[in-house]
Amino acid sequence: MSDNAARPRCSLHPNFVELQLLPFGLPARRTVSLSNEGPIPARFYFVAPPKPRESVDGQMCWDDDQPVSPPWLAIEPDQGEVAPGETAAISLTAFVAGGGPASAAAHIAANPPPPHLPANTLDTILILRLEDGADSFVSCHGLLLPSCFGMDLDALLTLGGSPVLSAGDLQQG
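Residues numbered from 1 in each chain as written. Predicted model: local features only at pLDDT ≥ 70, side-chain atom pairs only at ≥ 80, totals over all residues. Heavy atoms only, no water.

## A short note on the pairing of strand E1 (residues 10–13)
Here is the key point about a regular strand: its side chains alternate between the two faces of the sheet. The line we're drawing: A simple rule labels every residue: compare its accessible area, found with a 1.4 Å probe on the protein chains alone, to the largest value its type can have, and call it buried under 20%, exposed over 50%, or partly exposed in between. Runs of H or I in DSSP of at least four residues are treated as helices and runs of E of at least two as strands, each being numbered from the N terminus. Note on pairing: DSSP must find at least two bridges between two strands before they are called paired.
Side-chain alternation along E1 places Cys10 and Leu12 on a buried face and Ser11 and His13 on a face that remains uncovered. The sheet contact formed by E1 and strand E3 (residues 28–36) spans four bridges and is antiparallel. Residue pairing in the sheet places His13 in a bridge with Ser33 of E3.

## Looking at the confidence of the model for the protein chain
Applicable threshold: As a per-residue measure, pLDDT reflects the predictor's confidence and takes values from 0 up to 100.
Per-residue confidence for the protein chain gives a mean pLDDT of 83, with 83% of residues at or over 70. Put simply, helix H3 (residues 167–172) is where the protein chain has its lowest mean pLDDT, 55, and strand E8 (residues 79–82) is where it has its highest, 98.

## Digging into the side chain of Thr124
Selection criterion: Note on definitions: a residue-residue contact is assigned when non-hydrogen atoms from the two residues lie within 4.5 Å.
With respect to the element layout, Thr124 can be found in strand E10 (residues 121–130). Excluding anything up to four places from it in sequence, Thr124 contacts Pro70, Trp72, Leu73, Val138, Ser139 and Cys140.

## Describing the side chain of Thr93
The condition is simple: Any pair of nitrogen or oxygen atoms within 3.5 Å is treated as a polar contact; in protein, a donor-acceptor pairing is required on top of that, and neighbouring residues in sequence qualify only through side-chain atoms on both sides.
Here Thr93 is to be found in strand E9 (residues 87–94). For Thr93, a relative accessible area of 14% translates into the label buried. Within polar-contact distance, the side chain of Thr93 engages the side chain of Arg29 at 3.1 Å. With residues near it in sequence (within four places) discarded, Thr93 still touches Pro27, Ala28, Arg29, Trp72, Leu73 and Ala74.

## Examining the sheet that holds strand E4 (residues 42–47)
Condition: Structural elements are reduced to axes, namely lines fitted to C-alpha atoms, with helices fitted over the stretch in contact, and the angle between N-to-C directions of any two is expressed from 0 to 180 degrees.
Taken in spatial order, the five strands make up an open sheet running E2-E11-E10-E4-E8, and their pairing is mixed. The sheet is open, and its two borders are formed by strand E2 (16–22) and E8, each paired with just one other strand. Taking the axes of each pair of neighbouring strands and ignoring which way they run, one obtains an average angle of 25° across the sheet. Here E4 runs beside E8; their pairing, made up of four bridges, is antiparallel.

## What about the pattern of salt bridges?
Cut-off, in case you're wondering: We define a salt bridge as a contact between a side-chain nitrogen of Lys or Arg and a carboxyl oxygen of Asp or Glu at a distance within 4 Å.
Applying the stated rule across the entire model yields three salt bridges. Arg43 serves as the salt-bridge partner of Glu131, at 3.5 Å between the closest nitrogen and oxygen. One end of the pair, Glu131, is in the loop between E10 and strand E11 (135–144); the other, Arg43, is in strand E4, with 88 residues separating them in the sequence. By relative accessible area, which is 36% here, Glu131 ends up partly exposed. Salt bridges linked by common partners bring Arg43, Glu81 and Glu131 together as one network.

## Thoughts on the sheet that holds E1
Ordered in space as E1-E3-E9-E7, the four strands form an open sheet in which the pairing is antiparallel. With one partner strand each, in any of the chains shown, E1 and strand E7 (73–76) form the two edges of the open sheet. This sheet shows a mean twist of 20° between the axes of neighbouring strands, independent of strand direction.

Here's what the structure looks like:
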């Protein structure tokens, strides 16, 4: 048996997850499938995306203390094993709740979308690693439905007499 035959081979479908409009307090669940196409069991787990930081001595290094997903997105299961010829369902649940540094609004402020995308865009890329195998990527995209819930008071004050959510926004959701 060659070295490559002893490595796990899996496919992940879909690679792009559209979460659509995400209202405050209502979960949006999507499922991705991990299929083991190889002859050996495949152990998988999610890893944090690499994020550079400056070390104590001024050198650039990778920050190993990053979460595998933003606080508004849960992965279940986030690790496991798939037998040869089997498929595992992995649930991705987006849930917009609360305020503070773990909120979706804080995620948008810390990771502003490019100018060509709406300001309420929630995007992330998940990295699924196969033990002794290749990494796979899942791109997740959603839009935070504007709401007074989870907004800080300063942001609410800037609205003046305008509603946070218009009737047109309600019809789209």
